[in-house]
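Notes for the structure review
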Amino acid sequence: MLNWMDHVDTYLQQLNETSDALAGTLVGLEQATRKADSEEINSACAKLGSLLRVLEQQLSQREALLVEFPDAADTAPANLQSALGTIEHPRANELAKRCTLISSELRGIHQKAISLFVGQYHLTSVTEELLRLMSGVSAKPITYDAADDDTGGSFLDRAA
């Protein structure tokens, strides 16, 4: 059991490093977007892509850890937190808390990435929008195909 928790500890350290790198890359991408520096944006997007590939690999590592869980009877636990919750050991509690913290950080990174995507999407059409406003056209452009008029536009329209 302790050997398995050592593997979980190593996995969480790597996941935390990836999470921190993703957060830092998104901050850099946001700053580059504000400066409209296309070279920095392209560089940050490339770095973001490579970090997302690392994160995908780490997801497969998590699945392997769940399959290797020593107390798994017929099926593996749904997630590491539930697996660690079945172990009565102080270290297991600490690892479960780290899982919760990293999960929360990744949710925040996900929301920031969506916000940044929406902002960049709208910045790509800013010239057209300025021309539309200056020409006196009052019709609101349809920015997304799946706009829902009853709720004030699509999810991305409302997010913008």
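Refer to the structure presented above.
Bear in mind that the values here come from a model prediction, so they are computed numbers and not experimental data.

What about the overall build of the chain?
What the chain contains, in helices and strands, is six helices and zero strands. The helix and strand sequence of the chain, counted from the amino end, reads α-α-α-α-α-α. Residues counted as buried form 27% of the 160 residues belonging to the chain. If you take every contact in the chain between residues at least 6 apart in sequence, the share linking residues at least 24 apart comes to 62%.

Overview of the side chain of threonine 18
Along the chain, threonine 18 falls in helix H1 (residues 2-35). With relative accessibility at 7%, the residue threonine 18 sits in the buried group. Setting aside anything within four residues of it in sequence, one finds threonine 18 in contact with Leu51, Val54, Leu55 and Gln58.

Side note on the pattern of salt bridges
If you walk through the whole model with that rule in mind, you get eight salt bridges. Taking the shortest distance from any N to any O, the salt bridge between arginine 91 and aspartate 9 comes out at 3.5 Å. Here arginine 91 is found in helix H4 (residues 90-124), whereas its partner aspartate 9 is found in helix H1, with 82 residues between them in sequence. Owing to a relative accessible area of 23%, arginine 91 belongs among the partly exposed residues under this scheme. Ionic pairing is found between glutamate 40 and lysine 35, a salt bridge with its closest N-O pair at 2.9 Å. Classification of lysine 35 by relative accessible area gives exposed; the value is 55%.

What counts and what doesn't
Residues numbered from 1 in each chain as written. Predicted model: local features only at pLDDT ≥ 70, side-chain atom pairs only at ≥ 80, totals over all residues. Heavy atoms only, no water. Helix = DSSP H or I, 4+ residues; strand = E, 2+ residues; numbered from the N terminus. Buried < 20%, exposed > 50% of the residue type's maximum accessible area, 1.4 Å probe, protein only. Contact = heavy atoms within 4.5 Å. Salt bridge = Lys/Arg side-chain N within 4 Å of Asp/Glu carboxyl O.

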